[in-house]
Amino acid sequence: MKIFNYTIRSSKTMKAALGRDLADIPAGFPALFRGADKLCIVAGADAPPSLLARALVLFPEGGKPHFRFRLPPSEKAKTLEQAGKLCSFLFAKGFSRNSLIIACGGGAVTDLAGFAASVYMRGINWLSVPTTFLGQIDAGLGGKTAVNLGGAKNIAGTFHQPALAVCDTAFLDSLPHSELRSGAGELVKYAMIGPGSLARTVRTHLSKTLAGDRAALTACVSACAAYKLKLAAKDERDEAGAREALNFGHTAGHAFEALSGGRLPHGEAVARGLRFALIASRESGLLNAERFAAMSALVDALRLPPAAAVRRDFRRFLGLVSRDKKARGAENRFLLTAGPGRLRAVEGLKPALLKKAFEGALK
Ligand SMILES: NC(=O)c1ccc[n+]([C@@H]2O[C@H](COP(=O)([O-])OP(=O)(O)OC[C@H]3O[C@@H](n4cnc5c(N)ncnc54)[C@H](O)[C@@H]3O)[C@@H](O)[C@H]2O)c1
């Protein structure tokens, strides 16, 4: 018997273009487009007309066949069925391994279109063009793709780096306040996990960001995107621990999303998941009262609306967190904090402590 061992390293680099009012991406990145025989822009059915208009400024028609595919709104897009529909559409239109998918939308669109790109003909190139604040600071970067299964988040998915991510903050002009606030849930996470310089950028710009200030949004997108790409490049497949920090607040957050039947926006669920993690950290004796107050003030600044859509079903919550893929077989596993930038993974927290954090997070 012969045994061969090959060291496999991702052949792809993580490339991103960031800024405001970008234009004609193919002219700026000719090597990416030269060999592409067809392009398909994938967007959400509820996206405003201005979104497609801006997408066509970035990717002008002409020369190559240009197709469009519309997905159902938000989380309804993230199903195996929708991935199958997109793959069938591509096949019917003659897409080959040289074709290109351009995912243009929020995190639901980039997660689903990236997933379809990773399985269509065993993987074709795609471009991630996040158009929400949350997408530009987080979801559209780093190459994780996913669909939801059985009412739980991101249960089937792949790692498939986009050939290029394009974050054009001009897309954010049409974003409603509720989506800015949802994105700010992930923004606040960066202030809790990142280095002091990133936390200062977030604190300086948080209130202006919520008011839709263009300069503040662009400053936060560039600081957070740079940090996310750095962590993702260090730990592309989430195996070395570097990327785990990005999940802070997400175990409880994903459970809150599931308990709302997908009605609680992702970023709001994460913000409540952060509150959960802060209370659990304080109750475990990890986080002192002063740091707890300072970190909680960031979540309070979001002025979250009541989480009326979330069912207060603690037993189901326990079931969801034990089945979370980040639990790795433990009864429960949470990232807790001892202060900004200081995270600890803790397993087997007691139900009484979890209940206190559950109730406090949903207040
Ligand atoms: N892959 C990852 O690393 C990663 C990280 C974080 C979150 N996510 C996923 O991202 C998803 C959440 O993404 P989201 O917050 O962008 O929400 P979303 O994709 O559900 O979009 C929210 C809404 O914003 C609308 N929209 C998009 N762009 C717009 C624009 N420019 N103007 C006006 N409206 C616009 C959409 O049509 C939709 O109705 C979740 O499914 C989450 O699991 C993935």
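Here the structure is a predicted model, which is why all the values come from computation and not from measurement. (Residues numbered from 1 in each chain as written. Predicted model: local features only at pLDDT ≥ 70, side-chain atom pairs only at ≥ 80, totals over all residues. Heavy atoms only, no water.)

**Points about the packing of helix α11 (residues 266-283) against helix α14 (residues 351-361)**
Then, number 1: Running from amino to carboxyl end, α11 crosses α14 at an angle of 140 degrees, the nearest separation of the two axes being 8 Å. For the element pair α11 / α14, the angle class is oblique. The chirality of how α11 crosses α14 is right-handed. Residues Arg 272, Arg 275, Phe 276, Ile 279, Ala 280 and Glu 283 of α11 form the contact with α14, whose participating residues are Leu 353, Leu 354, Lys 356, Ala 357, Phe 358, Gly 360 and Ala 361.
Then, number 2: Considering only residue class, the contact of α11 with α14 consists of 8 nonpolar, 1 polar and 4 charged. (Axes fitted to C-alpha atoms, helices over the stretch in contact; angles between N-to-C directions. Helix = DSSP H or I, 4+ residues; strand = E, 2+ residues; numbered from the N terminus. Parallel < 35°, antiparallel > 145°, perpendicular 65-115°, else oblique. Left-handed = near helix turned anticlockwise from the far one by under 90°. Contact = heavy atoms within 4.5 Å. Nonpolar A, V, L, I, M, F, W, Y, C, P; charged D, E, K, R; others polar.)

**Concerning the sheet that holds strand β4 (residues 100-105)**
Paired through their backbone hydrogen bonds, the strands of a sheet run either parallel or antiparallel.
Then, number 1: In spatial order, the strands read β1-β8-β5-β4-β2-β3; together these 6 strands make up an open sheet with parallel pairing. A strand with exactly one partner marks an edge of an open sheet, and here the two such strands are β1 (16-19) and β3 (66-71). In this sheet, neighbouring strand axes are inclined to one another by 15 degrees on average, regardless of whether the strands run parallel or antiparallel.
Then, number 2: In terms of strand pairing, strand β5 (residues 125-130) meets strand β8 (residues 164-168) through 2 bridges, oriented parallel. Note that in β8 the partner of Ser 128 across the bridge is Ala 165. (Pairing = 2+ DSSP bridges.)

**Considering the packing of helix α7 (residues 177-193) against helix α8 (residues 196-210)**
Then, number 1: It is at 10 Å that the axes of α7 and α8 come closest, and there the two elements cross at 165 degrees. With respect to each other, α7 and α8 are oriented roughly antiparallel. When you trace α7 past α8, the crossing you get is left-handed. Counting all contacts with α7, which are made through His 177, Leu 180, Arg 181, Ala 184, Leu 187, Val 188, Tyr 190 and Ala 191, the residues of α8 involved are Leu 198, Ala 199, Val 202, Leu 206, Thr 209 and Leu 210.
Then, number 2: The class makeup of the residues in the contact of α7 with α8 is 11 nonpolar, 2 polar and 1 charged.

**Quick word on the domain arrangement of the chain**
Many structure descriptions define interface size as the accessible area lost when the parts assemble.
Then, number 1: Domain annotation of the chain identifies domain 1 (16-174) and domain 2 (177-212 + 241-361).
Then, number 2: Taking the mean C-alpha position of each, domain 1 and domain 2 sit 28 Å from one another.
Then, number 3: Across the contact, 12 residues belong to domain 1 and 17 residues belong to domain 2.
Then, number 4: The contact between domain 1 and domain 2 buries some 1300 Å² in all, and 59% of this surface belongs to carbon and sulfur atoms.
Then, number 5: Of all residues in domain 1, Phe 133, Leu 134 and Lys 153 give up the largest surface area on contact with domain 2, accounting jointly for 40% of the area buried on that side. (Domains from an automatic or database assignment. Buried area = accessible area lost by both parts, 1.4 Å probe.)

**Things to note about the site of the ligand**
Then, number 1: With respect to spatial proximity, 25 residues lie near the ligand, and among them Asp 46, Glu 75, Thr 131, Thr 132 and Ser 174 are the closest.
Then, number 2: Asp 46 has a polar side-chain atom sitting 2.6 Å from an oxygen atom of the ligand.
Then, number 3: Gly 107 places a polar main-chain atom, nitrogen or oxygen, 2.8 Å from an oxygen atom of the ligand.
Then, number 4: Burial of the ligand by the protein amounts to 90% of the accessible area it has alone, namely 880 Å².
Then, number 5: Looking at the shell around the ligand, the elements with two or more residues in it are α5 (107-119), α6 (133-139), β7 (152-159) and α7.
Then, number 6: Per-class residue counts for the shell around the ligand are 7 nonpolar, 8 polar and 10 charged. (Near = heavy atom within 4 Å. Polar contact = N/O pair within 3.5 Å; in protein donor to acceptor, adjacent residues only side chain to side chain. Areas by Shrake-Rupley, 256 points an atom, 1.4 Å probe, with all protein chains shown as cover.)

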